[in-house]
Amino acid sequence: MKLKISVLIVAFLMSVSAFAQLDRSKMPEPGPAPKISLEKPEEFTLKNGLTVLVVENHKLPRVSYSLTIDNKPMTVGEKGGVESLIGAMLGNGTKNISKDKFNEEVDFLGARLSFSFRGGFASSLSKYSDRILELMADAAINPLLTEEEFEKEKAKLIDGLKTSEKSVDAVASRVSSALAYGKNHPYGEFTTEETVNNVAYGDAVAFYEKYFNPNNAYLVVVGDVKYKDVKKQIEKHFSKWVKSVGIDYTVPDAAPNAQYTQINFVDMPNAVQSNVSLTNNVDLEMKDDDYHSVLIANKILGGGFNSYLNMNLREEHGYTYGARSSIGTSEYASRFRAGAAVRNMVTDSAVVNTLKEINRIKTEPVEQDMLKNAKAKYVGDFVLALESPQTIARYALNIKLNDLPDDFYTTYLQKINAVTADDVNRVANKYFKTENARIVVIGKGSEVLENLEKTGIPIKYYDKYATASEKPSYEIEMPADMDASKVMQSYIDAIGGRATLDKVNSVFMTAEAEVQPGMVINIEMKKTIKNQFLQITKSPMGVQKQVLDGATGYTSAGGQKTDMTDDQIKAVQSESSPFPEVNYLNGGVTLEKIEMIDGVKAYKVNVDETTTIYYSVDSGLKLQEVKTSEAGSSTTFYADYKEVGGIKFPFIIGQTFGPRRFDFTVKELKVNENVSDADFD
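The rules we used
Residues numbered from 1 in each chain as written. Predicted model: local features only at pLDDT ≥ 70, side-chain atom pairs only at ≥ 80, totals over all residues. Heavy atoms only, no water. Helix = DSSP H or I, 4+ residues; strand = E, 2+ residues; numbered from the N terminus. Buried < 20%, exposed > 50% of the residue type's maximum accessible area, 1.4 Å probe, protein only. Areas by Shrake-Rupley, 256 points an atom, 1.4 Å probe, with all protein chains shown as cover. Lys, Arg positive; Asp, Glu negative; His and termini not counted. Charge placed at Lys NZ, Arg CZ, Asp CG, Glu CD. Pairing = 2+ DSSP bridges. Axes fitted to C-alpha atoms, helices over the stretch in contact; angles between N-to-C directions. Salt bridge = Lys/Arg side-chain N within 4 Å of Asp/Glu carboxyl O.

This part takes up the overall build of the protein. The helix and strand inventory of the protein stands at 21 helices and 26 strands. In terms of overall dimensions, the protein has C-alpha extents of about 85 × 75 × 55 Å along its principal axes. A burial count over the protein gives 48% of its 681 residues as buried. Surface summary for the protein: the accessible area is close to 34900 Å², and the carbon and sulfur share equals 50%. Across the protein, 79 positive and 92 negative side-chain charges occur, with their mean positions spaced 5 Å apart.

Spelled out as C-alpha cells, the structure:
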C-alpha cells in the first residue's frame, strides 16, 4: 500500500512540473497540518463524585480500567513513606476475599490488577469484564489492610531504602528535588528509614480513609465493552464507594531559584561516575501559550539522540552514554533539567559543555533542519499514537486533569508546526535559566572537586539528604614509612600468608548474580599460576567464553571464535594469576594516598595507567578495583571474605556496568581442584 501511494505522488509531481516552473531559490512552504478529529469518550459521573470515561473499541476482546485519584500534592512530613505503604497494601485481598484467594482468581482469569496510592489499573478479557471490575472495586473500597501486611511492607520499604543508600542516581534524585522545591514542599520532601519507622499501622489506615476516596477520582474504560452495559456495571460496583468529607489544604510554594549559577556538590566516595544535573524551577502548564514552543525547544536541546546536548557530550566528546533534558508542567511547581551520568575525570568538562549548549539555544538561531526534524518527530509520534484507543482516553482525561481547552488535541499539530526559530530562542531564555540554575553534582569528591573548582562556578556542599555541609577533606595522613610493597605484604598476610599462597597452583570458582527478577547470570572461572585463565558466562542471551593459555587466547560467543589481540592477551594475563599481589611485591605498582572508601580508610595503589586497587588500612583486605578506559570506568567490589584451604577469598564480588551494579555470589570455590591443562585448549 505504501509503495503504491509513493508512485502516485511522484506521478502527480511530474505532471505538475510540466505546467509550472518551480522557484528553487525559496524554501517550500510547509503544507497545512493534518486535521485531527478525535472521538469523544462517553462520560457519566456517579453521585459520589467518580467521573467515568468510556471508549469502546471492539478490535480485540479485551478491556482495561484505569483509576486516577486526582488529589492535590500533599506533604506528610515526619511520616514520609506512608503513601508508599498504603499503595503496596492495596490490591492484596479485600475484607470479603482473602489475599491468596484474591490473587488466585486474578491469575485464573488471566487478568492484571495493581494499585498505588494514586489509583489502580485492571485489564482482562472482555468476557470477564464484570468480575474483574467487581474485584477492582472491592479492592479499592474494602481493602484488606492488616497489621501483619503493614509490617511486611514496612520491612520491604526499609530494605529498599538501605539498598539505595549507595546509589548515586537515588541520591541525585532526592537531593536535586529537595534543593529545587524545598524539603517542606510535596515534591521536595523524601522518605528515609527514620520517617518510615515513624509510621504506625493506624497512621496508614487513617491516611487511606482520608485521601483514597472518589471525590476527585476518574475511571477510564477502554476496550470491547458496550457503554450501556459498562455503565450499569460501574454503577453497581462503584456506587458503594462512599464520598468522604471534603478536605482542603494549601500546597506550599516551591523554593525560589538560586540567586546565581552554582554547583551543589554531594560527595559519594563510592561513585564510579558523576551524576550531573542542571536544574531550575519553571512556571509552566500545558494550557499555557508557550507549551508547544517549549516542547520543540527541549527536543532540540536534549530531547533526542541528535539534540545539542547528546551530540556534544556523547558524540563529540564521549563523556557519557547519553545526555538529556526535560521540562515539567504543573499548576503547582515543575522543573527544567539537563544533564548526564559522566566519567569522573570529565565531570568538570561535562558541566561546562552543558552550560555551553543551553546558552547556545538561548543565543543562536536554530537551524531550519533542526527545527523541521523536531517538529516531524512530534507530528509522527502524535499521529502514530492516535492508532491506540488508549490515546483517546488519555487525551480526554488530560483535558480534565489539566483544565485544557476542548480543542487542545485537535489543534495540537497546528500549534507544533507554527513554532518558529524565534519562538525557540524566546522560550529557551524564559525557561532555561542558566543564570539562576543549580548544577547538582553527585560524585567522588577526591577525584572531581579540584577540577570543578577550576570552572570558576561557586560550589556549595551538601550531604546525601540535602543538608548544607562543609567542604569534604581528603587529606588523610600517610605513615611516613608506608609504601606499596608493605601494602601488598599486608594483604598477603591478611588472606593467609605467603607460605600458604605458594602452595596454590589453581583456583576454581562458580558464581551467580540476579540482574533482574527471573534473569540470572552464571559464571565459571579457572585460574592457574601458569598464565592460564578460563571464564564461561551463561545468561539468557547465550554463552560466552574467554580462554588464555600462556601467550595465546581466544573469545567465543554465538558459535563464533575470535583470537585475542596482543593488547587483550596482556589484559587477561594481568587477571590470570590467582594472587597478582604476589607479583606486585616485585615492584611496578605505586602507593598514592589514603582515601575513604564506603566509610573505610583504604590505601590507593596504582597498578598502571588504567587500574587502581584499594586495600583496607585496618584489615589489609582488598576492597575495590577500578579500571578506566576511554569508554568509561568500571569498578569491582570485594566483600564477605571466607576461608577456603587456609586462604580468605571474597564470596561477594560486585561489578558495575555503566550506572548499574550487579553482585555475584560465589557458589563454589576450590583450591588445587577441578582444573587441568585441557581446560585451556
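Moving on, we come to the sheet that holds strand β6 (residues 217–223). Taken together, 6 strands build an open sheet; the order of strands is β1-β2-β6-β3-β5-β4 and the sheet is mixed. The open sheet is flanked by β1 (42–45) and β4 (112–116), the only strands paired with a single partner. Geometrically, the sheet is characterised by an average inter-axis angle of 10° between neighbouring strands, direction not taken into account. Both β1 and strand β2 (residues 51–56) contribute to a ladder of 4 bridges, which runs antiparallel. Directly across from F44, in β2, lies its bridge partner V52.

With that settled, consider the pattern of salt bridges. Going through the model one piece at a time under the given rule, you end up with 38 salt bridges. The salt bridge involving K526 is made with D679; its shortest N-O contact spans 3.1 Å. Of the two residues, K526 sits in strand β15 (residues 519–528) while D679 sits in the segment after β26 (660–671), which places them 153 residues apart along the sequence. Put simply, K444, E447, E592, K593, E595 and K604 are held in one network by salt bridges that share partners.

Spatial ordering of the open sheet is given by β9-β10-β8-β11-β7-β12-β13, a layout of 7 strands whose pairing is mixed. Because the sheet does not close on itself, it has two edges, and the strands there are β9 (323–327) and β13 (468–469). In terms of strand pairing, strand β12 (residues 459–462) meets β13 through 2 bridges, oriented antiparallel. Looking at the pairing, Y461 lines up with S469 of β13.

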